[in-house]
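Residues per chain are reported as follows:
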Amino acid sequence: MLPDLAQNTGGEGTVMAKQLWKPGNMLYPLPAVMVSCARQGERPNIITLAWVGTVCTNPPMVSISLRPSRYSYDLIRETGEFVINLTTTDLARAADYCGVRSGRDMDKFEDTGLTPEPSRELITAPGILESPVNMECRVSQVLELGSHHLFLAQVVCVHVEDRFLKENGKLDLAGTGLVCYSHGEYFSLGEKCGSFGYSVRKAEKMKKTGKAEGQKRSGKTEKANGQKQSGKTEKANGLEKGNGQKSRGSMEDGKGWKNKRREKQKGQKR
């Protein structure tokens, strides 16, 4: 039997207490998206899902998870098509409505005022015109996991609203006002706290800066040492020159003294 409380020691000697819960899904936050689907000749439907994800880059693939009891389950399983529509703060209320009401009893497009947008590659499933990004998806595999079935699908076309494209053609997703879902609540995205790879770029920048500064300091040291050595050499040469001049002067003085002595001695003899 597991204990009721697990204690972990944090930094600086503090004790962090954590409760142990039974296994469950606590992976939050998640994207809150509206998934649109339809049978041929019938009204389209919208279901709001948070259990969605990216699963592959090449080919581009996504996943959505649905209970078999949902009205949209049969629509997607029979047609093999659906569209993922990103949700913004302006669409949050409509997204919540589509998540708590069943399409068996109503037309969600009409009730929410949203507009079905024809797909380019799909036959029956429309997109949502008001959504800034729509991803047309074609089902490739269904995994019956338990309470939920996982639909793996390939993205066959993406629609992006022009007004969210920058001059360089890059999509400004942050500017669309995306919404996420966390433990029963909707949240708009907060402040940016970094970008992919920024920790490595920062370290490399510091490393390069440190190396450059080291080379700069090394250059200054070498220059200073060179000037110091040059000064010492010049001083030494000056001393040698001075000593040489002094020595020659002393020798000349000595010769003069001897000559004067000889002249004095000659004078005394005379």
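Residues numbered from 1 in each chain as written. Predicted model: local features only at pLDDT ≥ 70, side-chain atom pairs only at ≥ 80, totals over all residues. Heavy atoms only, no water.

Details of the overall build of the protein chain
When helices and strands are tallied, the protein chain shows four helices and 14 strands. Relative to its full complement of 270 residues, the protein chain shows a buried share of 28%. In the protein chain, the share of contacts with a sequence separation of at least 24, taken over all contacts with a separation of at least 6, comes to 57%. As presented, the protein chain carries roughly 19,500 Å² of accessible surface, and 51% of it is formed by carbon and sulfur atoms. (Helix = DSSP H or I, 4+ residues; strand = E, 2+ residues; numbered from the N terminus. Buried < 20%, exposed > 50% of the residue type's maximum accessible area, 1.4 Å probe, protein only. Contact = heavy atoms within 4.5 Å. Areas by Shrake-Rupley, 256 points an atom, 1.4 Å probe, with all protein chains shown as cover.)

Details of the side chain of Ser119
Its place among the elements puts Ser119 in the loop between strand E9 (116-117) and strand E10 (127-128). A distance of 2.6 Å separates a polar atom in the side chain of Ser119 from the backbone oxygen of Ala125. Look past the residues within four positions of Ser119 in its chain and what remains in contact with it is Val83, Ala125, Pro126, Gly127 and Glu136. (Polar contact = N/O pair within 3.5 Å; in protein donor to acceptor, adjacent residues only side chain to side chain.)

A word on the side chain of Ser65
Structurally, Ser65 can be placed in strand E7 (residues 61-66). Its relative accessible area of 12% is what places Ser65 among the buried residues.

Thoughts on a positive patch on the surface
Positive charge collects at one region of the surface, where Lys166, Lys170, Lys192 and Arg201 lie side by side. Inspection of the secondary structure puts Arg201 in helix H4 (residues 198-269). (Patch = residues over 30% accessible without salt bridge, like charges linked within 9 Å, V, L, I, M, F, W, Y side chains within 5 Å. Salt bridge = Lys/Arg side-chain N within 4 Å of Asp/Glu carboxyl O. Lys, Arg positive; Asp, Glu negative; His and termini not counted. Charge placed at Lys NZ, Arg CZ, Asp CG, Glu CD.)

Considering the sheet that holds strand E8 (residues 81-86)
With antiparallel pairing, the seven strands of this open sheet are ordered in space as E5-E4-E8-E11-E12-E7-E6. Looking at the sheet topology across the chains shown, the edges are occupied by strand E5 (45-49) and strand E6 (52-56). Averaged over all pairs of adjacent strands, the angle between strand axes in this sheet comes to 35°, irrespective of strand direction. In the sheet, E6 pairs with E7 via four bridges, with the strands oriented antiparallel. Residue pairing for E7: Cys56 is matched across the bridge by Met61. Sitting on the sheet, helix H1 (residues 71-79) touches strand E4 (33-37), E5, E7, E8, strand E11 (133-144) and strand E12 (149-160), and the angle it makes with E12 is about 75°. Contacting E4 and E5, helix H2 (residues 92-100) runs over the sheet at an angle of about 100° to E5. (Pairing = 2+ DSSP bridges. Axes fitted to C-alpha atoms, helices over the stretch in contact; angles between N-to-C directions.)

Section: the pattern of salt bridges
In this structure the tally under the stated criterion is five salt bridges. Salt-bridge contacts for Arg77 lead to Glu144; the nearest nitrogen and oxygen are separated by 3.2 Å. Of the two residues, Arg77 is situated in helix H1 and Glu144 in strand E11; the sequence distance between them amounts to 67 residues. The class for Glu144 is exposed, based on a relative accessible area of 54%.

Examining the nonpolar core
Among the nonpolar cores identified, the biggest contains 23 residues, and Val35, Ile64, Leu66, Ile76, Phe82, Ile84 and Cys137 are the most heavily contacted of them. Listing elements by their share of this core, those giving two or more residues are E4, E5, E7, H1, E8, E11 and E12. Discounting chain neighbours no more than four positions away, the residues touching Ile64 are Val35, Leu49, Trp51, Val52, Ile76, Phe82, Ile84, His149, Leu150 and Phe151. The next biggest cluster of nonpolar side chains, apart from the first, holds nine residues, and it includes Ala94, Ala95, Phe109 and Ile128. (Core = buried A, V, L, I, M, F, W, Y, C linked by side-chain atoms within 4.5 Å.)

A word on a nonpolar patch on the surface
Taken together, the side chains of Val158, Val160 and Leu165 define a hydrophobic patch exposed on the protein surface, amounting to about 210 Å² of accessible area. Mapping Val158 onto the fold places it in strand E12.

So, the confidence of the model for the protein chain
Scored by pLDDT, the protein chain comes out at a mean of 83, with 70% of its residues at no less than 70. A low-confidence stretch, residues 239-255 (pLDDT under 50), is modelled with zero contacts involving residues beyond four sequence positions or located in other chains. (pLDDT = per-residue confidence, 0-100.)

Comments concerning the packing of aromatic side chains
Under the counting rule described, the total for this entry stands at three aromatic pairs. With 5.5 Å between their ring centres and 75° between their planes, Tyr73 and Phe151 make a pair best called edge-to-face. Note that Tyr73 is positioned in helix H1 and Phe151 in strand E12, a separation of 78 residues in sequence. The class for Tyr73 is buried, based on a relative accessible area of 6%. One aromatic cluster is present, built from ring pairs that chain together Tyr28, Tyr181 and Tyr186. (Phe/Tyr/Trp six-rings, centres within 6.5 Å; stacked < 30°, edge-to-face > 60°.)

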